[in-house]
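# Tertiary structure, described
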Amino acid sequence: MPTPSMEDYIEQIYILIEEKGYARVSDIAENLDVHPSSVTKMVQKLDRDQYLNYEKYRGLILTPKGKKIGKRLVYRHELLEQFLELIGVDKENIYEDVEGIEHHMSWNSIDRIGDLVQFFHENEGYVEALREVQKKTEEQNNE
């Protein structure tokens, strides 16, 4: 299994390839806010671990293993964003919160959160009931 740092790179590479058709070291560095030399070192490691194929000055492509993990990582990130939005976390906090928790949860927990998100989407009345509980809690806290 990839480390959390490797996951960040694989996820970003997957997103770039999906959006642009390619992922360059400079794009990865910019999106992850790291130096290009750090990206090159990680890309070389990901190549050795068979998550991608990298040729200096030619670019990189994800292997089937890398694509599978990249897709799963993007799913995890988007699911956690949906979950936090669903439970009423302020929008300005969601991205940072997801970045803080996504590497610390088991895939079993992610799958159960997926079940819960699906349940709430299929049963909107429960979302409304949750909002009422949150409203009451907020009113009590303001007293």
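Calculation criteria
Throughout, a residue's number is its position along its own chain's written sequence, starting from 1. Residue-level local features of this predicted model are given only where pLDDT is at least 70; pairs of side-chain atoms are given and counted only at 80 or more, and the full residue set underlies all totals for whole chains, interfaces and linings. The basis for the side-chain values is all heavy atoms of the structure; hydrogens and waters are excluded. UniProt positions are given in the numbering used here, feature names are shortened, and annotations may be inferred rather than shown by experiment. Any Lys or Arg side-chain nitrogen found within 4 Å of a carboxyl oxygen on Asp or Glu counts as a salt bridge. Here's how the labels work: a residue is buried when its accessible area is under 20% of the maximum for its type, exposed when over 50%, partly exposed in between, all with a 1.4 Å probe on protein chains only. Each domain's limits were defined by an automated method or a database of domain assignments. Only heavy atoms enter the contact rule, under which two residues are in contact if any of them lie within 4.5 Å. Simply put, the buried area is the total loss of 1.4 Å probe accessible area from both parts when two parts are fitted together. Polar contact is defined as a pair of N or O atoms within 3.5 Å, subject to the rule that within protein one atom must be able to donate a hydrogen and the other to accept it, and that residues adjacent in sequence are counted only when both atoms are side-chain atoms. Polar here means any residue other than Ala, Val, Leu, Ile, Met, Phe, Trp, Tyr, Cys and Pro, which are nonpolar, and Asp, Glu, Lys and Arg, which are charged; Gly is therefore polar. Every helix listed is a DSSP run of H or I at least four residues long, and every strand listed is a run of E at least two residues long, numbered separately from the N terminus. Only the six-membered ring of Trp is used, alongside the rings of Phe and Tyr, when aromatic pairs are assigned; centres must lie within 6.5 Å, and planes under 30 degrees apart are stacked while those over 60 apart are edge-to-face, with the rest tilted. Throughout this description, the term nonpolar core refers to a set of buried Ala, Val, Leu, Ile, Met, Phe, Trp, Tyr and Cys residues connected via side-chain atoms within 4.5 Å.

An unreviewed UniProt entry lists the protein chain under the name HTH-type transcriptional regulator MntR, with Halobacillus litoralis as the source organism. Of the protein chain, the UniProt comment under Subunit (unreviewed entry) reads exactly: "Homodimer." UniProt lists a comment for the protein chain under the heading Function (unreviewed entry), and it reads "Central regulator of manganese homeostasis."

### A word on the pattern of salt bridges
Following the criterion strictly, the structure yields 8 salt bridges and no others. Across the pair Arg24 and Asp27 runs a salt bridge, and its minimum N-O distance is 3.1 Å. Judged by its relative accessible area of 44%, Arg24 falls in the partly exposed class. Across the pair Glu85 and Lys91 runs a salt bridge, and its minimum N-O distance is 3.0 Å. A single salt-bridge network, built from bridges that share partners, covers Glu7, Arg76 and Glu102.

### A word on the domain arrangement of the protein chain
Interface extent is often summarised as the accessible area lost during association of the parts. When the domains of the protein chain are assigned, the result is domain 1 (4–68) and domain 2 (74–142). Between domain 1 and domain 2, the C-alpha centre-to-centre distance is 29 Å. The interface of domain 1 with domain 2 comprises 6 residues on the first partner and 6 residues on the second. A per-residue breakdown of the area domain 1 buries against domain 2 is headed by Glu7, Asp8 and Glu11, which together make up 72% of the total. At the junction of domain 1 with domain 2, the criterion picks out 1 salt bridge. Between Glu7 and Arg76 there is a salt bridge whose closest N-O contact spans 2.9 Å. Where domain 1 meets domain 2, there are 3 residue pairs in polar contact (both at pLDDT 80 or more). For the side of domain 1 that touches domain 2, a count of residues per class yields 3 nonpolar, no polar and 3 charged.

### Regarding the environment of Asn93
Its place among the elements puts Asn93 in helix H5 (residues 91–101). Along the chain, Asn93 and Glu81 lie 12 residues apart, while their C-alpha atoms are 10.0 Å from each other.

### A short note on the packing of aromatic side chains
Overall, the coordinates contain 2 aromatic pairs when judged by the stated rule. The interplanar angle of 70 degrees and the centroid separation of 5.9 Å between the aromatic rings of Phe119 and Phe120 together place this pair among those described as edge-to-face. Take Phe120: its relative accessible area is 12%, and that puts it in the buried class. Plain terms: the ring middles of Phe119 and Tyr126 are 5.2 Å apart, the flat faces sit at 35 degrees to each other, and that makes the pair tilted.

### Brief notes about the nonpolar core
In terms of nonpolar packing, the biggest core is built from 22 residues, with Ile13, Ile28, Val39, Leu46, Leu52 and Leu60 touching the most fellow members. Put simply, the parts of the chain that give this core at least two residues each are helix H1 (4–20), helix H2 (25–32), helix H3 (36–48), strand S1 (52–55), strand S2 (59–62) and helix H4 (64–86). A per-element tally of this core places H1 first, with 6 residues. Not counting residues within four places of it along the chain, the set of residues in contact with Ile28 comprises Tyr9, Ile13, Leu16, Ala23, Val39 and Leu60. Within the second largest apolar cluster, 12 residues are counted, among which are Leu79, Leu80, Ile94 and Ile110.

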